[in-house]
Amino acid sequence: DAGVIQSPRHEVTEMGQEVTLRCKPISGHNSLFWYRQTMMRGLELLIYFNNNVPIDDSGMPEDRFSAKMPNASFSTLKIQPSEPRDSAVYFCASSLNGANEKLFFGSGTQLSVL
Amino acid sequence: QKEVEQNSGPLSVPEGAIASLNCTYSDRGSQSFFWYRQYSGKSPELIMSIYSNGDKEDGRFTAQLNKASQYVSLLIRDSQPSDSATYLCAVNINNDMRFGAGTRLTVKP
């Protein structure tokens, strides 16, 4: 298996632009997590899907952030409009079933908003 | 109180020594606990999982869990320079996987 696949690896954009991050979980995994990592705040949970349904989105910073999982093999995290404080590494992770299982992380997307 | 707290370090130990990493968590009902290792510029990878009170050993790594004290630790025996990384404690809190801030470990040759 190729593991969790994220794209793009790096994204540089200007303030106010829309940013879309993509994730393909491991085939057969029922749960998908989006995290954001910064030096100041560490690894923060943004949203968690189980069987394509958002279970907990309390970590989504504000209305500028939205996430979708239209099917079991694809998820997106969108920021519109982007701001410099959104600069971070965004990780997608998947597990067989929920947070009792090992998480497999993608390589992350390094986002820089200028 | 943060949901998952770790001593942020940094922690420096000489090669061959025992490194001890500690973590406390806020939710007394949590049942699943994990240690991840993250090398600089890389994504986290699982080292150990532990679900029951007591010790769990895997090679040079030992995880210890005390649910009454809401405390989980990771011991690394015979530390190697290749163990230098940030170690993240993760806890299943209300079916969310929550991470501590991480402890940066440096093993000096």
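Residues numbered from 1 in each chain as written. Chains lettered and ligands numbered in written order. Predicted model: local features only at pLDDT ≥ 70, side-chain atom pairs only at ≥ 80, totals over all residues. Heavy atoms only, no water.

What follows covers the interface of chain A and chain B. Residue-level contacts link 17 residues of chain A with 16 residues of chain B. Between chain A and chain B lies a buried interface of about 1400 Å² when both sides are counted; carbon and sulfur atoms form 52% of it. Looking at the side of chain A facing chain B, the largest losses of area belong to Leu-43, Ala-99 and Asn-100 of chain A, adding up to 34% of the total buried there. Where chain A packs against chain B, one counts one salt bridge. Of the charged contacts, one joins Arg-98 of chain B and Asp-56 of chain A as a salt bridge, the two residues approaching to 3.7 Å between their closest N and O atoms. Broken down by secondary-structure element, the contributors of at least two residues to the side of chain A that touches chain B are β4 (31-38) and β5 (42-50) of chain A. (Contact = heavy atoms within 4.5 Å. Buried area = accessible area lost by both parts, 1.4 Å probe. Salt bridge = Lys/Arg side-chain N within 4 Å of Asp/Glu carboxyl O. Helix = DSSP H or I, 4+ residues; strand = E, 2+ residues; numbered from the N terminus.)

Moving on: the pattern of salt bridges. All names here are of chain A. Counted under the stated rule, the structure contains 14 salt bridges over all chains. Here Arg-64 makes a salt bridge to Asp-86, at a shortest N to O gap of 2.7 Å. Of this pair, Arg-64 sits in the loop between β6 (53-56) and β7 (65-71) while Asp-86 is found in the loop between β8 (74-79) and β9 (88-95), placing the two residues 22 residues apart along the sequence. Comparing Arg-64 with Asp-86, the two get one shared label, buried. One salt-bridge network, in which partners are shared between bridges, spans Glu-62, Arg-64, Glu-83, Arg-85 and Asp-86. (Buried < 20%, exposed > 50% of the residue type's maximum accessible area, 1.4 Å probe, protein only.)

Before going further, it helps to examine the sheet that holds strand β1 (residues 5-7) of chain A. For sheets, the rule is that strands pair by backbone hydrogen bonds, running either parallel or antiparallel. Residues and elements named next belong to chain A. Taken in spatial order, the four strands make up an open sheet running β1-β3-β8-β7, and their pairing is antiparallel. In this open sheet, the two strands that pair with only one neighbour each are β1 and β7. Strand-to-strand twist in this sheet, taken as the mean axis angle between neighbours without regard to direction, amounts to 15 degrees. Sheet topology note: the strand β3 (residues 19-24)/β8 ladder contains five bridges and is antiparallel. Looking at β8, one finds that Leu-21 is bridged to Leu-77. (Pairing = 2+ DSSP bridges. Axes fitted to C-alpha atoms, helices over the stretch in contact; angles between N-to-C directions.)

Under the definition given, this model contains 11 aromatic pairs over all chains. Between the aromatic rings of Phe-91 of chain A and Phe-105 of chain A, the centroid separation amounts to 6.0 Å while the plane-to-plane angle is 90 degrees, which identifies the pairing as edge-to-face. Within this pair, whereas Phe-91 of chain A is found in strand β9, its partner Phe-105 of chain A is found in strand β10 (residues 104-105), the two being separated by 14 residues in sequence. Phe-105 of chain A matches Phe-91 of chain A in its accessibility class, with the two residues each being buried. Between Phe-105 of chain A and Phe-99 of chain B the ring centres are 6.0 Å apart and the planes differ by 75 degrees, which places this aromatic pair in the edge-to-face class. Taken as a pair, Phe-105 of chain A in strand β10 and Phe-99 of chain B in strand β10 (residues 96-99) lie in two separate chains rather than in one. Phe-99 of chain B matches Phe-105 of chain A in its accessibility class, with the two residues each being buried. Through successive ring pairs, a cluster of aromatic residues spans Phe-33, Tyr-35, Tyr-48, Phe-91 and Phe-105 of chain A together with Phe-34, Tyr-36, Tyr-51 and Phe-99 of chain B. (Phe/Tyr/Trp six-rings, centres within 6.5 Å; stacked < 30°, edge-to-face > 60°.)

Taken by themselves, the reported measurements are silent on function.
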